[in-house]
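# Structure assessment
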Amino acid sequence: MHIHFDDLEQCYFSLRSKEFDRGGDSADGLEDFQDNLAKFTRYSGMRTLATLSYACDIFNGSSIVSSIEFDKDSEFFAIAGVTKKIKVFEYGMVVQDAVDIHYPVNEMVCNSKISCVSWSSYHKGTMASSDYEGTVTVWDAFTGQKARVFQEHEKRCWSVDFNRVDTKLIASGSDDARVKLWATDRDHSIASLEAKANVCCVKFSPTSRYHLAFGSADHCVHYYDLRNLKQPLGVFKGHRKAVSYAKFLNTDEIVSASTDSQLKLWNINKSHSLRSFKGHTNEKNFVGLATDGDYIVCGSENNSLFVYYKGLSKQLLTMKFDTVRSVLDKEKKEEDANEFVSAVCWRQGSNVVVAANSQGTIKVLELV
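Let us look at the structure shown here. Keep in mind the model is a prediction, meaning the values are calculated, not measured.

### Quick notes on the sheet that holds strand 28 (residues 361–367)
- Here we have four strands laid out as an open sheet, ordered 1-28-27-26, and antiparallel in their pairing. Looking at the sheet topology across the chains shown, the edges are occupied by strand 1 (46–53) and strand 26 (341–347). The mean angle between the axes of side-by-side strands here comes to 20 degrees, regardless of whether they run parallel or antiparallel.

See below:
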């Protein structure tokens with residue numbers, strides 16, 4: 001509690017001052033503070049429910065997991081990364097197994113390293129992936145069949161996202177400084193948004209078919225209405241390096257991650273950030289970002305997972321991954337290890353997080 005005292009104090013006075021600014025003396029501010037306090041104290045640790053491996057074998061050079069995503073019912077989750085494979089697991093089976101030897105229900109092999117996957121919010125089993133060659137692929141995740149292959153990006157594609165409202169709509173972002181929009185029933189892109197720098201991430205608003213945010217190498221988060229691609233609704237400036245992730249907490253709030261070792265919270269109606277979150281280390285890699293609307297989880301370049309509460313700047317919880325040595329690496333010292341947590345995902349409607357690191361170790365974790 002003492003670590004967060006200044007944060008809590010600021011939170012309290014900020015809420016109370018808003019009350020007085022409105023000319024009231026109601027207890028609303030106190031209720032908001034009580035809510036913050038309850039959420040801040042809800043979890044005190046993390047418990048491992050299961051451990052999986054993305055690695056092909058112990059001799060495999062790199063097994064970095066780039067993306068973890070649950071399907072629309074949180075029954076299945078997909079793991080993808082640099083081994084060029086998308087592995088689909090059944091959540092219930094994984095957490096029930098007494099032994100940590102888990103087999104995927106399906107596995108798709110791609111032509112290139114995979115940067116991101118996204119499930120359809122409507123069609124069970126429909127998934128999109130983006131890869132290092134710039135290809136966006138639509139899959140049937142249970143048969144492994146490709147439904148669509150889009151190859152218009154000229155450089156590496158970092159991110160892909162299904163729209164939750166218009167369930168045929170897909171967005172992708174690439175190093176070619178373009179955000180492209182696709183439809184699952186069309187052969188070619190239906191629109192293209194020209195950014196001025198590499199696009200590292202794209203994310204649709206969870207409640208709108210028209211609103212989209214993307215993070216860019218220009219250090220900014222850009223927010224657009226797709227009915228007017230010429231002019232952004234907002235450009236959120238504050239990060240000192242490239243924005244690697246942008247995720248919506250709700251209709252109005254976005255959290256962004258950057259290689260300046262900070263997360264920032266934004267309201268789409270305000271130009272300045274509401275809060276910066278510091279504690280993790282992130283200077284060069286994609287380390288993952290996920291939220292359930294109240295809590296935010298991200299990776300760190302010290303092979304650890306960090307959990308923040310959106311109302312406080314310092315981390316609530318951290319959990320370090322064990323360093324697993326291959327038979328060839330026994331001579332390496334712990335401090336020489338460059339492992340980092342590389343992907344995270346929240347199982348919506350629950351207190352479960354799935355996280356993976358650069359060695360291909362995946363942990364299913366319960367906040368307790």
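### Re the side chain of S130
- By secondary structure assignment, the location of S130 is in strand 7 (residues 126–131).
- One polar contact links S130 to S115, side chain to side chain, over a distance of 2.7 Å.

### Details of the nonpolar core
- Core analysis: the largest hydrophobic core is formed by 21 residues, its most contacted members being M46, V297, L305 and L367.
- Residue assignment for this core shows that the elements contributing at least two residues are strand 23 (295–299), strand 24 (304–309), strand 25 (317–320), strand 26, strand 27 (352–357) and strand 28.
- Among residues more than four places away in sequence, those in contact with L367 are Y43, G45, M46, V307, L317, W346, N351 and V353.
- Ranked by size, the runner-up nonpolar core spans 18 residues in total, among them I68, V352, I362 and V364.

### What to know about the pairing of strand 16 (residues 220–225)
- Counting buried residues in strand 16 gives six out of six residues, a clear majority hidden from the surface.
- Both faces of strand 16 are covered, namely the face carrying C220, H222 and Y224 and the face carrying V221, Y223 and D225.
- Taken together, the five bridges between strand 15 (residues 211–216) and strand 16 define a ladder with antiparallel strand orientation. Paired with L212 across the strands is Y224, a residue of strand 16.
- Following strand 15, the chain reverses through three residues before pairing antiparallel with strand 16; H219 in that reversal takes a positive phi of roughly 80 degrees.
- When strand 16 meets strand 17 (residues 234–237), the two strands line up antiparallel, connected through four bridges. The partner of C220 across the bridge, within strand 17, is K237.

### Notes on the sheet that holds strand 24
- Strand order in this open sheet of four strands is 22-23-24-25, and the pairing throughout is antiparallel. Each edge of the sheet is formed by a strand with only one pairing partner; in this case those strands are strand 22 (289–291) and strand 25. The average undirected angle you get between the axes of adjacent strands in this sheet is 15 degrees.
- Across five bridges, strand 23 lies against strand 24 in antiparallel orientation. The residue of strand 24 that forms the bridge with I296 is Y308.

Definitions and limits used
- Residues numbered from 1 in each chain as written.
- Predicted model: local features only at pLDDT ≥ 70, side-chain atom pairs only at ≥ 80, totals over all residues.
- Heavy atoms only, no water.
- Pairing = 2+ DSSP bridges.
- Helix = DSSP H or I, 4+ residues; strand = E, 2+ residues; numbered from the N terminus.
- Axes fitted to C-alpha atoms, helices over the stretch in contact; angles between N-to-C directions.
- Polar contact = N/O pair within 3.5 Å; in protein donor to acceptor, adjacent residues only side chain to side chain.
- Core = buried A, V, L, I, M, F, W, Y, C linked by side-chain atoms within 4.5 Å.
- Buried < 20%, exposed > 50% of the residue type's maximum accessible area, 1.4 Å probe, protein only.
- Contact = heavy atoms within 4.5 Å.

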